[in-house]
Amino acid sequence: MSGGKSTLYWDQQPTNRVKSMTMNKTQTEQDPRWQSVLDRDAGADGSFVFAVKTTGIYCRPSCPSRRAKPANVAFYDAPKDAEAAGFRPCMRCNPKGQSAAQANTEIIAEACRIIEASDEMPKLDDLAAKVGFSSHYFHRQFKAITGLTPREWGAAHRAQKVRAELQDKENTVTEAIYDAGFNANSRFYETSNKVLGMTPTAFRQGGKDTDIRFALGESALGAILVAESDKGICAIAMGDDPEVLVNELQDCFPKANLIGGDAAFEARVAQVVGFVEAPQIGLDLPLDIRGTAFQQRVWQALRDIPMGETVSYADIARQIGAPKSVRAVAGACAANKLAVAIPCHRVVRNDGDLSGYRWGIERKRALLEKESAA
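All values derive from a computational prediction rather than experimental measurement.

## Overview of the sheet that holds strand β4 (residues 88-89)
Okay, so step 1: Strand order in this open sheet of 4 strands is β3-β1-β2-β4, and the pairing throughout is mixed. Bordering the open sheet on either side are β3 (73-76) and β4, each of which pairs with just one other strand.
Okay, so step 2: Here 4 bridges tie strand β1 (residues 49-52) to β3, and the two strands are oriented antiparallel to one another. Paired with Val 52 across the two strands is Val 73, which belongs to β3.

## Points about the sheet that holds strand β7 (residues 233-239)
The pairing of strands in a sheet comes from backbone hydrogen bonds and takes either a parallel or an antiparallel form.
Okay, so step 1: The strand order β7-β6-β5-β8 describes an open sheet built from 4 strands, whose pairing is mixed. In this open sheet, the two strands that pair with only one neighbour each are β7 and β8 (257-260). Recorded for the sheet is a direction-independent mean angle of 25 degrees between the axes of neighbouring strands.
Okay, so step 2: Looking at chain direction, strand β5 (residues 211-219) and strand β6 (residues 222-228) are connected through 7 bridges and run antiparallel.

## Quick word on the state of the cysteines
Okay, so step 1: Taken as a whole, this structure holds 0 disulfides when the rule is applied.
Okay, so step 2: Free cysteine: Cys 90, not disulfide-bonded; nearest cysteine sulfur from Cys 93 at 3.9 Å.
Okay, so step 3: Exposure remark for Cys 90: the relative accessible area of 9% places this residue in the buried category.

## Observations regarding the nonpolar core
Okay, so step 1: Counting residues in hydrophobic clusters, the biggest one holds 52 residues, and the most contacted among them are Ile 236, Val 298 and Leu 302.
Okay, so step 2: In contact with Leu 302, not counting residues within four places along its chain, are Ile 316, Cys 333, Ile 342, Pro 343, Cys 344 and Val 347.
Okay, so step 3: Among the nonpolar cores identified, the runner-up in size contains 16 residues, and Ala 128, Phe 142, Ile 145 and Ala 156 belong to it.

Basis of the calculations
- Residues numbered from 1 in each chain as written.
- Predicted model: local features only at pLDDT ≥ 70, side-chain atom pairs only at ≥ 80, totals over all residues.
- Heavy atoms only, no water.
- Pairing = 2+ DSSP bridges.
- Helix = DSSP H or I, 4+ residues; strand = E, 2+ residues; numbered from the N terminus.
- Axes fitted to C-alpha atoms, helices over the stretch in contact; angles between N-to-C directions.
- Disulfide = S-S within 2.5 Å.
- Buried < 20%, exposed > 50% of the residue type's maximum accessible area, 1.4 Å probe, protein only.
- Core = buried A, V, L, I, M, F, W, Y, C linked by side-chain atoms within 4.5 Å.
- Contact = heavy atoms within 4.5 Å.

Shown next as structure tokens:
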């Protein structure tokens, strides 16, 4: 009798163990945190840890170690919870301390401060050596974290500074150029059109003698204005009243020569209207993007959002390596002057609700609906 019971017990035990592992595998695979582990998502670091029962170790989501089988994985909200369950921290990803991504972000932030404090753009090798990285690794990490190369960051910082200096009417143009970190007028004037979209004098005078072509179109979302400088499309605006859109453009460049677009330029407007009506056709236009280094990082991240998808302001902040800059990200979205070309309408609140939009919440909702349908 006892032998029969023993036989029954051992016959059932493996079956129960297999069932348990199968259930745990299913639960893990259905947990959204598992996808973060599969993606080694550094943005999820700090929100949870995962433990591997076969090794007794717990890790952060971005851990580069070999992936465990889902049947052996358990999730915990914090390291202390995993340790209370008997797991010890991974020596490779250090889930209790600072991650490699966080450390690199701080180092790159220091490099940005060095660039901004330098009279001239430091050489890549010198800059990398100052922060303790090899040149290749430093360049790759800088681009990944800021969205710009070190040289592009320096150029954007000087562009921002020269704009501020030129707005100070007590400075001469030459003083503004030198104060912004350009050690020769000739060097700045070679790139002034790229930095300002016009000459320094024209910038100070509100765009005097600068030609900006524009044209208006009509779409299901109302009036659309498209404006172009010599560099590329510098404004795309939407509204109910075409006259208001033109007045806003005039306010941006009070002394510029606003020129009504010819037939060739009106084809540009048709492209924008066509993209609004059918976003799946795409929009490939040369853009004149002017903004601070931070704004450019945000705007580039916006352009990387696939059509039909949305992200939160916090997602963008994490993507550009500045997770605490959610409000600044929202400010950069609000400063965007290129509707649909820089798709700030794809950014929503953390709960999925629509937030403010420069050209109206209803237009934002309509754009998202069109993209989702496409």
